[in-house]
Amino acid sequence: MTTTADLPGRPRAGAIGGPATARATCVLAHNPSAMTLDGTNTWIVAEPDSDLAVVVDPGPLDEAHLAAVVATAKAAGKRVALTLLTHGHPDHSDGAARFAELTGTHVRALDPALRLGGEGLGVGDVITTGGLELHVVPVPGHTADSLAFHLPADRALLSGDTVLGRGTTVVAHPDGRLGDYLDSLRRLRALTVEEGVETVLPGHGPVLDDARGAIDYYLVHRAKRLAQVETAVESGCRTPQEVVAHVYADVDRSLWPAAELSVRAQLDYLGEHGLI
């Protein structure tokens, strides 16, 4: 029998939501789907002895969810003082403006269009709200504006959609690019080696307790998919739809539109490198 301990990244068993590390607590949004898995994970991050908290990805525009995030922070004796976004997809960011109204916070993001009342985020930035140390890690690939946040005190990484708690993520062509995504995975793997990151706090799905194992799995998976796409083209597939039908034949057809985005990104990558 397969257990969670046998799966890539060792996904944590049990319900999603609640405290995940000493400094990070998840509030699960009620927006489950094939793409969002159990729903969007909104993260409340704070130093244990501080009364200030940072919220990462308020999630969809759902009043009940946003109120639950505020209430969860308040129950822990925290006031939300800053809102951060890992990227601009609606299931992570649509609630940000309303959440900023509820909490009186600025919204910081890489994309200027998503920022509210504050500066952006970039390479080398460190969030220090309430004594917290949260390092900004650019991870383009899933989208051009994707960020992760390194939480050194917990040896943890808030990964957004770059690494999920279950399955693999989409390279959202044309905004997402496979070459960027592979570079980002290697950057995150370096954090597991050089900074001791052990835990992934993903944008969807359960917490992963083996960060390096999860990232290694992603790198191998991407290499295999790329080889399959190259083989499909060599065998006569001429359109992204034909490649999807050939490569993703064992995947639920409801996921084929998302798979097509990744295939388009893979075809671009192969063309750029002169492989097709």
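Attention in this report is confined to the structure presented alongside it. (Residues numbered from 1 in each chain as written. Predicted model: local features only at pLDDT ≥ 70, side-chain atom pairs only at ≥ 80, totals over all residues. Heavy atoms only, no water.)

Counted under the stated rule, the structure contains one aromatic pair. Centroid distance Y217 to Y218: 6.4 Å. Interplanar angle 70°. Geometry classified as edge-to-face. (Phe/Tyr/Trp six-rings, centres within 6.5 Å; stacked < 30°, edge-to-face > 60°.)

As a further point, take the sheet that holds strand 1 (residues 18-19). Taken together, the six strands give an open sheet; going across it, the order is 1-2-3-4-5-6, and neighbouring strands pair in mixed fashion. A strand with exactly one partner marks an edge of an open sheet, and here the two such strands are strand 1 and strand 6 (107-108). In the sheet, strand 4 (residues 52-56) pairs with strand 5 (residues 79-84) via five bridges, with the strands oriented parallel. Along strand 5, the bridge assignment pairs A53 with V80. Across the face of the sheet, helix 3 (residues 96-103) comes into contact with strand 4, strand 5 and strand 6 while running at roughly 155° to strand 5. (Pairing = 2+ DSSP bridges. Helix = DSSP H or I, 4+ residues; strand = E, 2+ residues; numbered from the N terminus. Contact = heavy atoms within 4.5 Å. Axes fitted to C-alpha atoms, helices over the stretch in contact; angles between N-to-C directions.)

Here we come to the packing of helix 6 (residues 240-247) against helix 7 (residues 256-272). Between helix 6 and helix 7, the shortest axis-to-axis distance is 9 Å and the interhelical angle comes to 110°. Between helix 6 and helix 7, the crossing angle belongs to the class labelled roughly perpendicular. Between helix 6 and helix 7 lies a crossing of right-handed hand. Residues P240, Q241, V243, V244 and A245 of helix 6 touch helix 7, and the partners they reach there are W256, A259, E260, V263, R264 and L267. (Parallel < 35°, antiparallel > 145°, perpendicular 65-115°, else oblique. Left-handed = near helix turned anticlockwise from the far one by under 90°.)

Once that is clear, we can look at the pairing of strand 5. Following the backbone out of strand 4, through helix 1 (residues 63-75) and into the adjacent parallel strand 5, one traces a crossover that is right-handed. Sheet topology places strand 5 next to strand 6; two bridges connect them, and they run parallel. Each residue of the ladder has a partner; that of T83, found in strand 6, is V107. (Right-handed = clockwise from strand over helix to strand, strands pointing away.)

Another aspect to go through is the pattern of salt bridges. Inspection of every chain in the model, using the stated rule, returns 13 salt bridges. Across the salt bridge formed by E63 and R98, the nearest N and O atoms sit 2.9 Å from each other. With a gap of 35 residues between them, E63 in helix 1 and R98 in helix 3 connect regions that are remote in the sequence. Classification of E63 as partly exposed rests on a relative accessible area of 43%. We classify R98 as partly exposed; its relative accessible area is 28%. R155 is paired through a salt bridge with E198; the nearest N and O atoms lie 3.3 Å apart. (Salt bridge = Lys/Arg side-chain N within 4 Å of Asp/Glu carboxyl O. Buried < 20%, exposed > 50% of the residue type's maximum accessible area, 1.4 Å probe, protein only.)

Glancing now at helix 5 (residues 211-234). Between its first and last C-alpha, helix 5 extends 35 Å over 24 residues, near the 34 Å set by a 1.5 Å rise per residue. Every buried residue of helix 5 is accounted for by A211, A214, I215, Y218, H221, R222, R225, L226, V229, A232 and V233. Tucked into the core, helix 5 has its buried residues touching helix 4 (178-194), strand 11 (199-202), helix 6 and helix 7. At the C-terminal side of helix 5, G236 shows a positive phi close to 120°. (Expected span 1.5 Å × (residues − 1).)

Quick look at unusual backbone geometry now. Residues apart from glycine generally show negative phi values, whereas peptide bonds are mostly found in trans. Omega for the bond connecting H173 with P174 falls within 30 degrees of zero, at 5°, which places this linkage in the cis form. With respect to the element layout, P174 can be found in the loop between strand 10 (156-160) and helix 4. Even without glycine at this site, R10 takes up a positive phi of about 50°. Inspection of the secondary structure puts R10 in the segment before strand 1. Here D57, not a glycine, exhibits a phi torsion of approximately 65°, which is positive. Secondary-structure assignment places D57 in the loop between strand 4 and helix 1.

Turning to the environment of G165, a few remarks are in order. Counting through the fold element by element, G165 comes out in the loop between strand 10 and helix 4. For G165, a relative accessible area of 5% puts it in the buried group. Spatially, the C-alpha atom of G165 lies 19 Å from that of A190, the residues being 25 residues apart in sequence. Setting aside residues no more than four positions away along its own chain, G165 makes contact with P11, P202, H204, G205, P206 and L208.

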